Structure formats: structure tokens, C-alpha cells
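# Understanding the architecture of this molecule
Okay, here's what each chain looks like letter by letter:
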Amino acid sequence: MFDVFDKNSDKLMDEIVIPDLDIEAVKKLVNLIDGDPKLYYQYEVKGELKEYFEKLGYEFQTEKFDYFLSCYQDN
């Protein structure tokens, strides 16, 4: 999902679920933190990662909000 934070207050404003996330494709686009093979840490949506999701139809209001990719796994 995307965690969406207000740029001015850092308040969490929204959580946007990403159905059918291709985790392997995304791992190639982020500076993967050691020990994080399932992307549990947050990764800022910018650069190539932002472009990837824009090609999938997502729109980002980066002048107002900061977006972070946050992956969770259900048991």
C-alpha cells in the first residue's frame, strides 16, 4: 500500500491499497535495505518507482503529500 503523509504536518492522511503488487519488479526499482526481501520497510515513492506506478495508472499529488510504499503480508 501507499502511506500518504501531509508534507506540512507529517500526518498520515491516507492508505491506498495496491492490488496485485509485483514485488519482484518493485524490488528492482528501490534501494533495497539489507535484510528486507519482502519490502517491509517504507520506501519513498519517487524517481523510477514513482514512474513505474504512474504507468500503472496511479496519480500522485507530490506538491501536497509524501508517498511511501509499505508492504504487509497476511498470515
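Above: the structure in question.
Procedures and definitions
- All chains use their own residue numbering, which begins from 1 and follows the written sequence.
- With pLDDT at 70 or above as the cut-off, local features in this predicted model cover only qualifying residues; side-chain atom pairs require 80 or more to be listed or tallied, and sums for whole chains, interfaces and linings still use all residues.
- Hydrogens are left out, water is left out, and the side-chain values use all remaining heavy atoms of the structure.
- Starting at the N terminus, helices and strands are each numbered in turn, a helix being any DSSP run of H or I of at least four residues and a strand any DSSP run of E of at least two.
- What the globule rule says is 2.2 Å times the number of residues to the power 0.38, and the radius of gyration is computed from C-alpha atoms.
- Buried residues are those whose accessible area, probed at 1.4 Å on protein chains only, stays under 20% of the maximum for their type, while exposed residues exceed 50% and partly exposed ones sit between those limits.
- Whether two residues touch is decided by their heavy atoms; if any such pair falls within 4.5 Å, the residues are in contact.
- This count recognises Lys and Arg as positive and Asp and Glu as negative, with His and chain-terminal groups excluded.
- All charge positions are set by atom: Lys at NZ, Arg at CZ, Asp at CG, Glu at CD.
- Any carboxyl oxygen of Asp or Glu that lies within 4 Å of a side-chain nitrogen of Lys or Arg is treated as forming a salt bridge with it.

### Observations concerning the overall build of the protein
- Check the secondary structure of the protein and you find two helices and four strands.
- Along the chain direction, N to C, the helices and strands of the protein fall in the order β-β-α-β-α-β.
- Over its C-alpha trace the protein gives a radius of gyration of 12 Å, about what one expects of a compact globule, namely 11 Å for 75 residues.
- When the backbone C-alpha atoms are referred to their principal axes, the protein occupies close to 30 × 25 × 20 Å.
- For the protein, buried positions account for 28% of its 75 residues.
- Taking the intrachain contacts of the protein between residues at least 6 apart in sequence as the baseline, contacts between residues at least 24 apart amount to 54%.
- In the protein, the 9 positive side-chain charges and the 18 negative ones have mean positions that sit 3 Å from each other.

### Thoughts on the pattern of salt bridges
- Going through the model one piece at a time under the given rule, you end up with four salt bridges.
- Put simply, D66 and K7 hold a salt bridge, and the shortest N to O gap is 2.7 Å. With D66 in strand β4 (residues 65-69) and K7 in the loop between β1 (2-6) and β2 (12-16), this pair connects stretches of sequence that are 59 residues apart.
- Put simply, E54 and K50 hold a salt bridge, and the shortest N to O gap is 2.8 Å. With E54 and K50 both in helix α2 (residues 47-55), this residue pair falls four residues apart, about one helical turn.
- By relative accessible area, which is 34% here, E54 ends up partly exposed.
- Given the relative accessible area of 21%, K50 is considered partly exposed.

### Remarks on unusual backbone geometry
- The backbone of D10 shows a phi angle near 65°, a positive value even though the residue is not glycine.
- For D10, the position within the fold is in the loop between β1 and β2.

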